[in-house]
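# Structural description and commentary
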Amino acid sequence: MKPEEFRTAAHALVDWIADYRERIPDLPVQSRVKPGDVAGMLPTSAPVAPESFDAVLRDLDRVVVPGITQVQHPSFFGWFPSNATLSSVLGDFATAGLGALGITWQSAPSLTEVEEVVVGWLRELTGLPESWRGVIQDTASTACLVALLAARERATDYSETRGGLQAEPAPMTVYTTEYAHSSIPKAVALAGFGADNLRVVATDPWTRAMLPEALAEAVAADVADGRRPVAVVVNVGTTGTTAVDPLAEIVPIAREHGMWVHVDAAMAGSALLLPEMRGLVAGLDGADSLTWNPHKWMGAVLDCSLMYVADPQHLVRVMATGPSYLRSAVDGEVTQFKDWGIPLGRRFRALKLWFQLRLDGVEAIQARLRRDLANARALAEQVEAAEGWRVLAPVALQTVVLRHEPRAWVAPDGDVLDGAALDAHTLAWVDEVNSSGAAFITPAKLDGRWSVRVSIGAEPTTSDDVAALWHLLRTTAERD
Ligand code: PLP
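Residues numbered from 1 in each chain as written. Predicted model: local features only at pLDDT ≥ 70, side-chain atom pairs only at ≥ 80, totals over all residues. Heavy atoms only, no water.

Moving on to the layout of surface pockets. Of the volumes computed, that of the largest pocket is approximately 510 Å³. Around the largest pocket, the lining is made up of 22 residues, and of these Tyr20, Arg21, Gln72, Ala84 and Val301 lie nearest the centre. For the lining of the largest pocket, the elements supplying multiple residues, two or more each, are helix H1 (3-23), helix H3 (53-64) and helix H4 (86-98). Of all the elements, H1 adds the most residues to the lining of the largest pocket, at five residues. Residues of the lining of the largest pocket, tallied by class, amount to 16 nonpolar, four polar and two charged. (1 Å grid on protein atoms, 1.4 Å probe; cavity = no way out; pocket = protein on both sides within 12 Å on 5 of 7 lines; lining within 4 Å. Points joined across faces, edges and corners; volume = space filled by probe spheres on them. Helix = DSSP H or I, 4+ residues; strand = E, 2+ residues; numbered from the N terminus. Nonpolar A, V, L, I, M, F, W, Y, C, P; charged D, E, K, R; others polar.)

Here the focus is empty space enclosed by the protein. Counted according to the given criterion, the structure contains two cavities of 30 Å³ or more. Put simply, the largest cavity is a space of about 40 Å³. Gly102, Ile103, Thr104, Trp105, Leu111, Thr112, Gln336, Phe337, Lys338 and Arg346 together form the lining of the largest cavity. As for the second largest cavity, its lining consists of Leu122, Leu125, Leu273, Met298, Leu357, Val362, Ile365 and Gln366. Of all elements in the fold, only helix H5 (109-125) and helix H12 (362-385) reach the threshold of two or more residues within the lining of the second largest cavity. A per-element tally of the lining of the second largest cavity places H12 first, with three residues. In terms of residue class, the lining of the second largest cavity is made up of seven nonpolar, one polar and no charged.

Next up on the list: the environment of isoleucine 441. Within the secondary structure layout, isoleucine 441 lies in the loop between helix H13 (419-436) and strand S10 (442-446). Sequence spacing of isoleucine 441 and phenylalanine 77 is 364 residues, and the spatial spacing of their C-alpha atoms is 5.0 Å. Apart from the residues lying within four places of it in its own chain, the contact partners of isoleucine 441 are Phe77, Gly78, Trp429, Val430, Val433, Asn434, Val452, Arg453, Val454, Leu469 and Leu473. (Contact = heavy atoms within 4.5 Å.)

We now examine helix H10 (residues 312-319). Taken together, the buried positions of H10 are Pro312, His314, Leu315, Val318 and Met319. Taken end-on, H10 shows its buried residues confined to a sector of 160°, consistent with a single buried face. Among the exposed residues of H10, those pointing more than 90 degrees away from its buried face are Gln313 and Arg317. Close packing links the buried residues of H10 with strand S1 (133-137), helix H6 (140-155), strand S5 (260-264) and strand S7 (305-309). (Buried < 20%, exposed > 50% of the residue type's maximum accessible area, 1.4 Å probe, protein only. Arc of directions from axis to C-beta.)

What follows covers the site of the ligand. Lining the immediate surroundings of the ligand are 13 residues, of which Ala140, Ser141, Thr239, Asp264 and Asn293 lie closest. Partitioning the shell around the ligand into residue classes produces three nonpolar, eight polar and two charged. (Near = heavy atom within 4 Å.)

What follows is about the domain arrangement of the chain. Its domain assignment divides the chain into domain 1 (3-68) and domain 2 (363-479). In this structure, domain 1 and domain 2 have C-alpha centres spaced 33 Å apart. Carbon and sulfur atoms supply 46% of the area that domain 1 and domain 2 bury against each other, a total of about 430 Å² over both sides. Three residues stand out in domain 1 for area buried against domain 2, namely Val29, Gln30 and Arg32, and they jointly supply 90% of the buried area on that side. For the interface between domain 1 and domain 2, the tally reads zero salt bridges. Looking at the side of domain 1 that touches domain 2 residue by residue, the class counts come to three nonpolar, one polar and one charged. (Domains from an automatic or database assignment. Buried area = accessible area lost by both parts, 1.4 Å probe. Salt bridge = Lys/Arg side-chain N within 4 Å of Asp/Glu carboxyl O.)

Below, the discussion takes up the side chain of threonine 173. Position of threonine 173 among the secondary structure elements: in strand S2 (residues 172-177). The exposure class assigned to threonine 173 is buried, which follows from its relative accessible area of 0%. Here the side chain of threonine 173 touches tyrosine 175 through a polar contact of 2.8 Å, side chain to side chain. Not counting residues within four places of it along the chain, the set of residues in contact with threonine 173 comprises Asn197, Arg199, Asp222, Arg227, Arg228, Pro229, Val230 and Ala231. (Polar contact = N/O pair within 3.5 Å; in protein donor to acceptor, adjacent residues only side chain to side chain.)

Taken as a whole and assessed by the stated rule, the structure comprises eight aromatic pairs. Centroid distance tryptophan 16 to tyrosine 20: 5.3 Å. Interplanar angle 10°. Geometry classified as stacked. Here tyrosine 20 and tryptophan 16 lie together in helix H1, a separation of four residues that amounts to about one turn. Both rings, one in phenylalanine 337 and one in tryptophan 340, keep their centres 5.4 Å apart while their planes meet at 70°; by these two values the pair is edge-to-face. Taking relative accessible area as the criterion, tryptophan 340 reaches 8% and is therefore assigned buried. (Phe/Tyr/Trp six-rings, centres within 6.5 Å; stacked < 30°, edge-to-face > 60°.)

We now examine the pairing of S10. Across the two faces of S10 the burial differs, with Thr442, Ala444 and Leu446 buried and Pro443 and Lys445 not buried at all. Here S10 pairs with strand S11 (residues 449-455) via five bridges, running antiparallel. Opposite alanine 444, over in S11, you have serine 451 as the bridge partner. Linking S10 to S11, which pair antiparallel, is a turn of two residues; within it aspartate 447 sits at a positive phi near 50°. (Pairing = 2+ DSSP bridges.)

Turning to the nonpolar core, a few remarks are in order. Grouped together as the largest cluster of nonpolar side chains are 57 residues, with contacts concentrated most on Leu122, Val232 and Val263. Counting residues in each nonpolar core, the second largest holds 32 residues, with Cys144, Val188, Ala191 and Met319 among its members. (Core = buried A, V, L, I, M, F, W, Y, C linked by side-chain atoms within 4.5 Å.)

What follows covers a nonpolar patch on the surface. Taken together, the side chains of Val14, Leu90, Phe93 and Leu359 define a hydrophobic patch exposed on the protein surface, amounting to about 340 Å² of accessible area. With respect to the helices, strands and loops of the structure, valine 14 is situated in helix H1. (Patch = residues over 30% accessible without salt bridge, like charges linked within 9 Å, V, L, I, M, F, W, Y side chains within 5 Å. Areas by Shrake-Rupley, 256 points an atom, 1.4 Å probe, with all protein chains shown as cover.)

Pairing in this open sheet of four strands is antiparallel, and the strands run S8-S9-S11-S10 from one edge to the other. Edge positions in the sheet fall to strand S8 (389-391) and S10, since each of these pairs with one other strand and no more. Geometrically, the sheet is characterised by an average inter-axis angle of 40° between neighbouring strands, direction not taken into account. Pairing of strand S9 (residues 399-404) with S11, which is carried by four bridges, proceeds in the antiparallel orientation. In the sheet register, valine 401 faces S11, and the bridge partner there is arginine 453. Across the sheet, helix H14 (residues 463-479) touches S8, S9 and S11, and the angle it forms with S8 is around 130°. (Axes fitted to C-alpha atoms, helices over the stretch in contact; angles between N-to-C directions.)

Below is the structure:
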């Protein structure tokens, strides 16, 4: 495609995207396609001759849009927000159009330096320690894996340069809670610790936050048994209920044993843009790394996960490679982000943050986050006040975990009389809400029983949308 042809097609695509965004409120939130429907609409082999751009655009409407659960919809209350603000979309366009190759500083100096500056802005905006440095990883899952690899190498004095884990004298243990995101046990497994060496530390039954004394006991028991505690993953905003582990009380226990403290704030990190929410990570000065995802609530289009570390030199020592073909005259003077994580080649991801921050401004982002926090609190109050409904966890952020509990199956004091019937009821009414296309919520197991997560924070969601959702939940669940 020549630049002139691109110009025409790209204008049409931008118009298409703007029109699509405008009509999202009229689309069903949950995709209605069945498995195989989308693939069945595609030819079985690739086109040999070029097709018109119009034909491709038509297929965006015909094939692609129906196959998307509309997470940019004002009535999307599922999983966690996955906002793709149009300002950040413009940045992503620019990234694709530039087609820069990020493999060394020399391959695209602006890619490295815009990333360093923007990640620094966000460090300051979220109140993280001034001495920490950051990098953009693709996802929080990758960031946790990188953190645990760094933890492993610090504990073993760089075993990777010798016999690796296989030559270590004692098993190494990692600590988190049962409410940690599934990417945490996955990272523990991938970093070679083994599931047997992951300790699930006890939590408070209401807040679902790690109990520091239980951590201290688990660590002491492992030390007594000849194992080496090396890392604790502190959850600030769990996926299930946005529970917040008490970092300030965990850090001293970890420090006593030289353990790495990684903070998974994938969702909650956006809240740190609000000075009044910084208490979520009180004690962070004593931690080693923190990750959060601007690609969730803040609204940088996927994928964009910020990872900050207290000791970048250590991270670089663990991750660095130095093949001769990547040498340049400025080595040693510049940041080489290839040495801050797993991939060599990187996209110019910083542009979507740069565009979003410049075009929307921090104040507007903060106002939106405050709006969502207030909407969540207001919903929780209404749920608590409604007969037969219960809020199942503290509302620490913008997610309300609730359940409709008919008296036939749940006693007024919360005692579940018939768990199977309650679970079937919950799944049935949630399915009805989601199939209606009017809104989307997520059923999730909490302490063995189905609950419902209402995660507020899609960019266009107003208090009216939340009120409409609450009405829909009541009419659907109470009728069933
Ligand atoms: N940690 C928490 C608390 C999450 O909620 C999620 C995803 O929702 C992740 C980690 C994983 O994020 P990612 O999709 O960026 O790997």
